[in-house]
Amino acid sequence: VQLVESGGGLAQSGGSLRLSCAASGFTFSAYGMSWGRQAPGEGLERVAGIASDGSRTYYTNSVKGRFTISRDDSKNTVYLQMTNLKPEDTALYYCAKLQDSGTRSPATDWGQGTQVTVSS
(Lines give C-alpha, C1' and ligand atoms only; values in the text may rest on other atoms or scores of the structure.)
Protein backbone atom coordinates (compact mmCIF):
# COMPACT_ATOMS: atom_id res chain seq x y z
CA VAL A 1 0.00 0.00 0.00
CA GLN A 2 1.27 3.43 -0.92
CA LEU A 3 -0.47 6.71 -0.20
CA VAL A 4 1.07 9.96 -1.42
CA GLU A 5 -0.43 13.27 -0.33
CA SER A 6 0.03 16.58 -2.10
CA GLY A 7 -1.49 20.04 -2.21
CA GLY A 8 -0.54 21.38 1.19
CA GLY A 9 1.01 24.78 1.69
CA LEU A 10 0.47 28.21 3.15
CA ALA A 11 -2.94 29.86 3.02
CA GLN A 12 -4.44 32.96 4.53
CA SER A 13 -7.35 32.79 6.94
CA GLY A 14 -10.50 32.46 4.85
CA GLY A 15 -8.62 30.92 1.96
CA SER A 16 -8.83 27.52 0.33
CA LEU A 17 -6.62 24.54 -0.40
CA ARG A 18 -7.25 21.21 -2.10
CA LEU A 19 -5.37 18.18 -0.88
CA SER A 20 -4.92 15.07 -3.03
CA CYS A 21 -3.91 11.55 -2.09
CA ALA A 22 -2.79 9.14 -4.79
CA ALA A 23 -3.24 5.52 -3.75
CA SER A 24 -1.66 2.35 -5.09
CA GLY A 25 -1.00 -1.23 -4.09
CA PHE A 26 -4.56 -2.21 -3.26
CA THR A 27 -8.05 -2.29 -4.77
CA PHE A 28 -8.87 1.37 -4.15
CA SER A 29 -12.59 1.10 -4.94
CA ALA A 30 -13.12 -1.52 -2.22
CA TYR A 31 -12.06 0.59 0.73
CA GLY A 32 -13.19 3.60 2.65
CA MET A 33 -10.66 6.40 2.87
CA SER A 34 -10.09 9.19 5.33
CA TRP A 35 -8.16 12.37 6.02
CA GLY A 36 -6.71 13.07 9.43
CA ARG A 37 -4.55 15.81 10.85
CA GLN A 38 -2.09 16.34 13.65
CA ALA A 39 -1.27 19.77 15.00
CA PRO A 40 1.95 20.36 16.96
CA GLY A 41 1.64 18.88 20.43
CA GLU A 42 -1.73 17.33 19.64
CA GLY A 43 -2.97 13.85 18.82
CA LEU A 44 -4.08 12.59 15.43
CA GLU A 45 -7.64 13.66 14.59
CA ARG A 46 -9.76 12.21 11.81
CA VAL A 47 -11.42 15.10 10.02
CA ALA A 48 -13.24 13.35 7.18
CA GLY A 49 -14.04 9.90 5.81
CA ILE A 50 -15.66 8.59 2.65
CA ALA A 51 -17.18 5.18 1.99
CA SER A 52 -15.82 2.91 -0.70
CA ASP A 53 -18.67 3.75 -3.07
CA GLY A 54 -18.65 7.44 -2.18
CA SER A 55 -22.25 7.31 -0.95
CA ARG A 56 -21.50 8.24 2.65
CA THR A 57 -19.18 10.76 4.21
CA TYR A 58 -18.14 11.71 7.71
CA TYR A 59 -16.84 15.03 9.03
CA THR A 60 -15.70 16.05 12.44
CA ASN A 61 -17.75 18.94 13.79
CA SER A 62 -15.02 21.56 13.48
CA VAL A 63 -14.81 21.20 9.69
CA LYS A 64 -18.45 20.58 8.75
CA GLY A 65 -19.59 23.01 6.08
CA ARG A 66 -16.00 23.98 5.25
CA PHE A 67 -14.27 20.76 4.12
CA THR A 68 -15.43 18.31 1.45
CA ILE A 69 -14.00 14.84 0.93
CA SER A 70 -14.39 13.16 -2.44
CA ARG A 71 -12.86 10.35 -4.44
CA ASP A 72 -12.16 9.50 -8.06
CA ASP A 73 -11.82 5.74 -8.42
CA SER A 74 -10.67 6.10 -12.04
CA LYS A 75 -7.60 7.91 -10.71
CA ASN A 76 -7.25 6.03 -7.39
CA THR A 77 -7.27 9.41 -5.70
CA VAL A 78 -9.05 10.89 -2.71
CA TYR A 79 -9.38 14.64 -2.26
CA LEU A 80 -10.00 17.06 0.58
CA GLN A 81 -11.31 20.45 -0.50
CA MET A 82 -10.79 22.91 2.34
CA THR A 83 -12.49 26.31 2.31
CA ASN A 84 -12.81 29.16 4.80
CA LEU A 85 -9.59 27.99 6.39
CA LYS A 86 -8.81 29.04 9.95
CA PRO A 87 -5.49 29.26 11.80
CA GLU A 88 -6.62 26.31 13.93
CA ASP A 89 -6.66 24.16 10.78
CA THR A 90 -2.86 24.36 10.75
CA ALA A 91 -1.58 20.79 10.95
CA LEU A 92 0.09 17.94 9.13
CA TYR A 93 -2.66 16.28 7.09
CA TYR A 94 -2.60 12.54 6.47
CA CYS A 95 -4.49 10.35 4.04
CA ALA A 96 -5.45 6.90 5.32
CA LYS A 97 -6.83 3.66 3.94
CA LEU A 98 -9.55 2.21 6.16
CA GLN A 99 -9.90 -1.45 7.03
CA ASP A 100 -13.21 -1.84 5.18
CA SER A 101 -15.74 0.03 3.07
CA GLY A 102 -17.03 2.32 5.83
CA THR A 103 -16.33 5.93 6.70
CA ARG A 104 -15.23 5.58 10.32
CA SER A 105 -13.49 2.22 10.41
CA PRO A 106 -9.97 1.98 11.82
CA ALA A 107 -7.19 3.02 9.48
CA THR A 108 -4.68 0.42 8.35
CA ASP A 109 -2.24 2.51 6.32
CA TRP A 110 -1.20 6.17 6.26
CA GLY A 111 0.65 8.44 3.90
CA GLN A 112 3.59 10.61 4.85
CA GLY A 113 1.49 13.72 5.30
CA THR A 114 1.33 17.18 3.76
CA GLN A 115 1.68 20.36 5.81
CA VAL A 116 -1.09 22.94 5.87
CA THR A 117 -0.35 26.29 7.50
CA VAL A 118 -3.01 28.97 7.81
CA SER A 119 -1.97 32.49 8.69
CA SER A 120 -4.28 34.95 10.40
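Everything here concerns the structure above.
Below or above, wherever it landed, is the structure these notes cover. In this text the structure is predicted, and so the values were computed from the model without any measurement.

Each helix and strand in the chain was counted, giving zero helices and 11 strands. The helix and strand sequence of the chain, counted from the amino end, reads β-β-β-β-β-β-β-β-β-β-β. Overall size of the chain, expressed as C-alpha extent along the three principal axes, is 40 × 25 × 25 Å. Across the 120 residues that make up the chain, the buried fraction comes to 43%. Looking at the chain, you have 11 positive and 10 negative side-chain charges, and the mean spots of the two groups are 4 Å apart.

Counted by the stated rule, this structure contains four salt bridges. One salt bridge in this structure joins Arg-37 and Glu-45, with 2.9 Å as the shortest N-O distance. Residue classification places Arg-37 among the buried residues on the basis of a relative accessible area of 7%. The partly exposed category is assigned to Glu-45, whose relative accessible area is 30%. Between Asp-89 and Arg-37 there is a salt bridge; the shortest N-O distance is 2.9 Å. Within this pair, whereas Asp-89 is found in the loop between β8 (77–82) and β9 (91–98), its partner Arg-37 is found in strand β4 (residues 33–38), the two being separated by 52 residues in sequence. Each of Arg-37, Glu-45, Arg-66 and Asp-89 takes part in a single network of salt bridges with overlapping partners.

What follows covers the state of the cysteines. A covalent bond bridging the sulfur atoms of two cysteines is what the word disulfide describes. Going through the model one piece at a time under the given rule, you end up with one disulfide. A sulfur-sulfur separation of 2.1 Å characterises the disulfide bridge that pairs Cys-21 with Cys-95. On the S-S bond that ties Cys-21 to Cys-95, the torsion sits near -70°, and the link is left-handed. Here Cys-21, found in strand β3 (residues 17–24), pairs with Cys-95, found in strand β9; they are 74 residues apart in sequence, far enough to count as distant.

This part covers the sheet that holds β3. Across the sheet, four strands lie side by side as β1-β3-β8-β7; this open sheet has antiparallel pairing. Each end of this open sheet is capped by a strand with a single partner; those strands are β1 (2–6) and β7 (67–72). Within the sheet, the average angular offset between the axes of one strand and its neighbour, ignoring direction, is 15°. Pairing of β1 with β3 involves five bridges; the strand directions are antiparallel. Of the residues in β3, the one forming a bridge with Glu-5 is Cys-21.

Calculation rules
- Residues numbered from 1 in each chain as written.
- Predicted model: local features only at pLDDT ≥ 70, side-chain atom pairs only at ≥ 80, totals over all residues.
- Heavy atoms only, no water.
- Helix = DSSP H or I, 4+ residues; strand = E, 2+ residues; numbered from the N terminus.
- Buried < 20%, exposed > 50% of the residue type's maximum accessible area, 1.4 Å probe, protein only.
- Lys, Arg positive; Asp, Glu negative; His and termini not counted.
- Charge placed at Lys NZ, Arg CZ, Asp CG, Glu CD.
- Salt bridge = Lys/Arg side-chain N within 4 Å of Asp/Glu carboxyl O.
- Disulfide = S-S within 2.5 Å.
- Pairing = 2+ DSSP bridges.
- Axes fitted to C-alpha atoms, helices over the stretch in contact; angles between N-to-C directions.

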